[in-house]
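Next come the chains, spelled out residue by residue.
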Amino acid sequence: MYTNDQTKKLQAASSEWLAKKDKAPSEKNIEELRNILRFHEYRYYVLNDNLITDPEYDSLYKALELFENEHPDLITPNSPTQRVGAALIKDFPKRQHLVPMLSLENSYDAEDLYDWDRKARELSGLDTIEYCAEPKFDGASISLVYEDDMLTSGTTRGDGEVGDDITPNIKQIRSVPLSASFSSYGIQQVELRGEVLLNKHNFQKYNDALAEEGLPPLANPRNAAAGSLRIKDTREVARRNLEAFLYHVSYHTNTADDPQATKEPVTHSGMLEMLWNLGFRSPQKEMKILKGIDAVIAFIQAFETRRDDLPYEIDGMVIKVNDLALQDRLGMTSHHPRWAIAYKFKARQATSKLLDVEYQVGRTGAVTPVAKIQPVQVGGVTVGSISVHNEDYIKEKDLRKGDTILIERSGDVIPQIVRSLPELRTGKEEVIVFPKTCPVCNDELVKPEGEAVWRCVNINCKAQVVERIIHFVSKDAMDIRSFGEANVRKFYDLGLITDIPSIYALTADALKQLEGFGAKSIENLLQAIEASKAQPLHRLIYALGIRYVGETTGKTLAQAVSGIFDLAGYTDEQLKAIDDVGVKVARSIFEFFQNEDNTKMLHKLQAAGISMERSKNVRFAEGSLNGQTFLFTGTLNKLKRSDAEEKVEQNGGKILSGVSSKLNYLIVGEDAGSKLEKARKIPAIKILTEDEFLEMINT
Ligand code: IVH
């Protein structure tokens, strides 16, 4: 798309614009600024390899926006500012595809592919056919039309003939160019096919946000992408960070004035290359041209082993006859083209039977229904129970005991029920009735107005007490090593612990009577308990298990006070004045400290010697690593992974969960694997050894 020379020029021009912050765009240089912004969008969204930072991009974007506000007559429809159109869409108009969107025939093993290849060779009379194999993206399919180089429409698949016109939403996908020079290939009007998807990282982020709202997660990124395309607020669509791969040219016309001189590709791979050169994200890097079906089979089987390393979901491969003239000769059946076939990977879906529902009481009293299902293999793991989240979720999915259900496990996501299959009901299925009382302590359950979750509000409910202790000792809270969930339950059942403070009264004598607890394990456990007394304040705050107070809020609160008892004296208003503490969080903290049982517990902890003050040297979000992002990979020799991450955060840095262009530093320990490989491909990421990292933070 951009030659080395162009890249250098555009990068130099960006620096110039950024250096002269007051450089006002003029009619003359406005197009330069637009080109610079388009170039950076391409680097970021198509190549995943940005050359400037987000704030730098934003400042260039704002300069353009400002100028266009003053000179609306000079706005062009393909200006980078024009992605954000009218924010609210009333209804999606229907639009007919230029060519019907057919689906593909499926294959599941080498045998199916040999059959398909044999038929194609018989029909064509060729000995060997050249194929192009590429990933089968697991998203929502779309078609785009460009006319005279401008994007004119984006449409969902719909029934294959007619779909919903979602053009304003498509414009929110930054890897989709608003204009592209098809005319340089002699093309006047073109219809493209592709797939919109949400990558694994953004999908996880989206589900995390739902969970924070107390809402059930979506089963897979495909549903998330399809749903996102139908949102009627374009700003919300933009926030989802959708991506698009374009993999097929379904229709095109030539520029009228020069029909002879067309430079359009004659192969499918040539089309992918053309799309890539025009700035689209086509599977140009992922596809392979292969002679004969044996080579295809070897390639796709090897590709399947890399499936989990890809940043997005694929559910198979698509094999296409490469020569477009041969595609035409092979033609279509009424359902699918004869020149292409989908090869489906091992399913990550399975059906099973919903046998029963059990109810678990969490540490905040939330009652979560868990479906017990007939154990079934899904994508390599056996699943025997699945969370069904809350009462509304069960109603919405119309789940009944005895139902056949479809389960999906997408990548690293916890398995979810996609739906029940009511068509297989026998009439013996039972409607699931949510209990009215706590399954553990029998107290009446309550569901506050506007919330989805039923709760047991008996603070002394055994289930809650145990869950609170489990949370308190857990790795990210007080980190009492070797305690663990199983030991908490065991000790509680034996009466060795009754609440959080009783942890600190455990003695070697009491533990000695336990089977399987030798002198060494007792010593380790008591040492870990002792060490936890000095944990920093933010860990203690988080460990208390106050509703809505996660690790981040724990840190914010620790920063705002000098000791835990300060919080007890805060009013609702004072709490709300703390950065990032909203109404809901403030109320929850306030209520926690209003409860006498809680303040008694804190005094007991204080008496046991737990540090209740913020130590002077623990500071967050300020320091030498301010704003920088880090990721650790491989085995570290000198630091524990969690300590290293804490050091980054103490110095104002941030930990990322994966390698992306947003990452500044990858710290590499022994036996680093795919993360290191990936980071090497992104020049902006600095790769450091553990020693270099330690030097950097001066310890
Ligand atoms: S080609 C006429 N290529 O899979 C041929 N389809 O099961 C057009 N899909 O409806 C389709 N990745 O939504 C093609 N690389 C790829 C694809 C792909 C995903 C989807 C597409 C299609 C469905 C068929």
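None of the values given here were measured: they were computed from a predicted structure.

### Describing the overall build of the protein chain
Counting its regular elements, the protein chain contains 25 helices and 24 strands. Here the C-alpha radius of gyration of the protein chain, 29 Å, is about what a compact globule of 699 residues would show, namely 27 Å. Oriented by its inertia axes, the alpha-carbon framework of the protein chain measures out at about 95 × 70 × 50 Å. Partitioning the contacts of the protein chain with sequence separation of at least 6, the portion at a separation of at least 24 is 67%. Accessible area of the protein chain: about 34100 Å², with a carbon and sulfur share of 49%. A distance of 2 Å separates the average location of the 88 positive side-chain charges in the protein chain from that of its 103 negative side-chain charges.

### A few points about the sheet that holds strand β4 (residues 140-147)
If you trace the 4 strands from one edge of the open sheet to the other, you get β5-β4-β7-β8, paired in antiparallel fashion. In the strand order of this sheet, the two ends are held by β5 (150-156) and β8 (243-254), each with one partner. Taken pair by pair, the neighbouring strands of this sheet meet at an average axis angle of 25°, ignoring direction. In this sheet, β8 lies alongside strand β7 (residues 187-197) in antiparallel orientation, the contact comprising 10 bridges. When the bridges of β8 are listed, arginine 193 appears paired with histidine 248. Strands β4 and β7 of the sheet are contacted by helix α7 (residues 221-229), whose axis makes an angle of about 45° with β4.

### Some thoughts on the confidence of the model for the protein chain
In the predicted model, the protein chain carries a mean pLDDT of 90, and the fraction of residues at 70 or more is 97%. Note that pLDDT drops below 50 for residues 617-621; the model gives that stretch 13 contacts with residues more than four away or on any other chain.

### With respect to unusual backbone geometry
Here the phi dihedral of asparagine 241 falls at roughly 55°; this positive angle occurs in a residue that is not glycine. Residue position: asparagine 241 is located in the loop between α8 (234-239) and β8. Positive phi outside glycine occurs at histidine 389, with the angle close to 65°. Among the secondary structure elements, histidine 389 is positioned in the loop between β14 (381-387) and α12 (391-396). Looking at histidine 389, the relative accessible area reads 17%, which means it is buried.

Rules used in this analysis
- Residues numbered from 1 in each chain as written.
- Predicted model: local features only at pLDDT ≥ 70, side-chain atom pairs only at ≥ 80, totals over all residues.
- Heavy atoms only, no water.
- Helix = DSSP H or I, 4+ residues; strand = E, 2+ residues; numbered from the N terminus.
- Rg over C-alpha atoms; globule rule 2.2 N^0.38 Å.
- Contact = heavy atoms within 4.5 Å.
- Areas by Shrake-Rupley, 256 points an atom, 1.4 Å probe, with all protein chains shown as cover.
- Lys, Arg positive; Asp, Glu negative; His and termini not counted.
- Charge placed at Lys NZ, Arg CZ, Asp CG, Glu CD.
- Pairing = 2+ DSSP bridges.
- Axes fitted to C-alpha atoms, helices over the stretch in contact; angles between N-to-C directions.
- pLDDT = per-residue confidence, 0-100.
- Buried < 20%, exposed > 50% of the residue type's maximum accessible area, 1.4 Å probe, protein only.

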